[in-house]
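# A structural walkthrough
What follows is the residue order along each chain.
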Amino acid sequence: MSQHFIVTIAAAQKIEVYMDLPLAMNYERGPGAPKRIKVPFGTGGMTSNFLSPLDIAITLIYALAIFSLAQFVSNRSANVRASPKGYFFAGNQLPWWAIGASLIAANISAEQIIGMSGSGFRIGLAVASYEWMSAATLLLVGKFVLPVFFSTGSVTMPGFLARRFGPSVRYLMAIFWLGQYILINLTAILWLGGTAVTTVTGMDPMLALILLGCFALAYQFSGGLKAVALTDVVQVSLLTLGGLIILAVTLSQIGGQASPSGIANGFRVLMTRFPDHFHMILPKTSPHYKDLPGIAVLVGGMWIMNLSYWGFNQYIIQRALAGKSLPEAQKGIAFAAYLKLLMPVIVVLPGMAALVLAPDITRSDQAYPTMMTLLPPGCLGLVFAALAAAIVASSASKINSIATIFTMDIVKPALPALSDQTLVSIGRIASVGALAIAILVAKPLLGNFDQVFQFGQSLTGFFAPGIMVIFALGMCWKRCTTAGAFSAIATGFIMSCVFYGAAHLHQHPEIDGAFPAWIIAHIPDMPFLNRVGWVFWISLLTCIGVSLMTREPSSEAVVDLTRIDFRTTRAFNIAATGALIVLTIIYVVLW
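Residues numbered from 1 in each chain as written. Predicted model: local features only at pLDDT ≥ 70, side-chain atom pairs only at ≥ 80, totals over all residues. Heavy atoms only, no water.

Let us look at the nonpolar core. Counting residues in hydrophobic clusters, the biggest one holds 174 residues, and the most contacted among them are L125, F149, W177, L292 and F471. Residue contributions to this core peak at 19 residues, all from helix 15 (residues 326-357). Once you skip the residues sitting within four places of it in the chain, L292 turns out to touch I123, A126, V127, Y130, L282, V297, M302 and L529. Ranked by size, the runner-up nonpolar core spans seven residues in total, among them A502, I519, M526 and V535. (Core = buried A, V, L, I, M, F, W, Y, C linked by side-chain atoms within 4.5 Å. Buried < 20%, exposed > 50% of the residue type's maximum accessible area, 1.4 Å probe, protein only. Helix = DSSP H or I, 4+ residues; strand = E, 2+ residues; numbered from the N terminus. Contact = heavy atoms within 4.5 Å.)

Next up on the list: the packing of helix 6 (residues 129-152) against helix 15. The interhelical angle for the contact between helix 6 and helix 15, taken along N-to-C directions, is 170°, at an axis separation of 8 Å. By the angle between their directions, the pair helix 6 and helix 15 is classed as roughly antiparallel. Here E131, W132, S134, A135, L138, L139, G142, K143, L146, P147 and F150 of helix 6 come into contact with helix 15, specifically with L326, A329, Q330, I333, A334, A336, A337, K340, L341, M343 and P344. Residue classes in the contact of helix 6 with helix 15 are distributed as 16 nonpolar, three polar and three charged. (Axes fitted to C-alpha atoms, helices over the stretch in contact; angles between N-to-C directions. Parallel < 35°, antiparallel > 145°, perpendicular 65-115°, else oblique. Nonpolar A, V, L, I, M, F, W, Y, C, P; charged D, E, K, R; others polar.)

In the structure shown here, the tally under the stated rule is zero disulfides. Not engaged in a disulfide, the cysteine C543 finds its nearest cysteine sulfur in C480; these two sulfurs lie 3.7 Å apart. Its relative accessible area of 0% is what places C543 among the buried residues. (Disulfide = S-S within 2.5 Å.)

So, about the packing of aromatic side chains. Taken as a whole and assessed by the stated rule, the structure comprises 18 aromatic pairs. Between F149 and F160, the ring centres sit 5.5 Å apart and the planes meet at 80°, which makes this aromatic pair edge-to-face. With F149 in helix 6 and F160 in helix 7 (residues 157-165), the pair connects residues that are 11 residues apart, well separated along the chain. F160 carries the same exposure label as F149, and that label is buried. Above the face of the F462 ring, R531 is positioned so that its terminal group lies 4.6 Å from the ring centre. (Phe/Tyr/Trp six-rings, centres within 6.5 Å; stacked < 30°, edge-to-face > 60°. Lys NZ or Arg CZ within 6 Å of the ring centre and 35° of its normal.)

Given below as structure tokens:
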């Protein structure tokens, strides 16, 4: 009987376990499949170096090439990047293909690749709803949100809030976003990235995390957003190629032969042995219903999460706002939507392949790195470089946007006399500081979670409803006031805490007392996506009520939608229709 990954030993121990890869599982091993792999175990994961000299060479060539490309782009745009507009917004010169690729590179990182693969192992294809519903969300953002930002001249999300609600809301949300980007997003990318590097190379996890972060910082430090965005085209191409390679290898291992028929057979084996993992809409009887509560992924809280992320998130929307024009940015959004349709194939399915190839892994987030160790020399180096590309690209995007918000929404309004050169220097210092904080807190914050992706989504759900309310009403309702915006933010957070506390009490009924008993009796135990939906509506009604009771804002502050042209090009309309047709087919077939 095969030995698998059992990680229950003390930190000071290192026990070597010889593991027969569970490739057979009642199927024949494919040609060239490894017979035995020596897997030393330590503090919760593999600590053996699986990289051959060829793999190491490929990884080093990638690192050198991408860094050189970033420097080349930086040198060619030296005059542009000397100003805040050039450094933080690429001088508004990005073409559509760079916008689309950079959107995906900013989004898809270790958090998605490793985290969603882990959720695919644990939950199944249903977790792909985060990706596929994002494609539809992107189209809505391109059609209705981008025209508002372009027409108002907004380049940062706190900047739009300052124009609409005044400086108090700007400073509050700027500080909030800095906290989220550093303590949730950047830490998750670095922690999961370090986990993957440790699994494949045996490197110390903290050393791996530090090296990834420092490379990401150096990669964007001098060139700013333009260096990040243009090199993201290479990063996304490598990510896609690497994802397809690992998918092909793992499915062919399951299918018994390295050929297209073996890949197809492997996919059929997965569907036959784990049919519950191929349902997009989970029934209430599913043990993972609370993570993805049935029809709510189509009509409920996931829309709030996605719109908040793709429409009102600085490190995402900053790429579109750096476009040459609104139509160019919209074409980039449509391109990103199609890339989103592909992502579950290269991110979720490899994690599901681990159900057959490594069913006894102790942590879901080990699924993708474990599948990487099945790759032959050369392929492993390419996939490892692709994973590193995703980690570096996304980390660089977060770091650049952290610097943008800190410089443009906190420092510049407080010290308007500072020169452009000083502002760019302050942005670089902020980059270093953000990275240092993320490295220090990554392990204490995330080291004990089984599914970091799901944890991150749940935590973001505390704030997404309030953010969605203030932007939606700020754009669409002239009567929305500053007091209403504050009430929406406060209500959203408080009600999220209330519903979360109620869920905790439902799961721990042994907590005695009159107040816990009252909560259990009157507040249902709901999945977090449903919680997000309820909190959104409560925050929306609160904002409307408070706004009607307070003084109407001045005409200069409101957004006049009648003066904004929401018409889109024929190319965008055709692309959007095609993407929606594909999504419809997916959900009809895999319901």
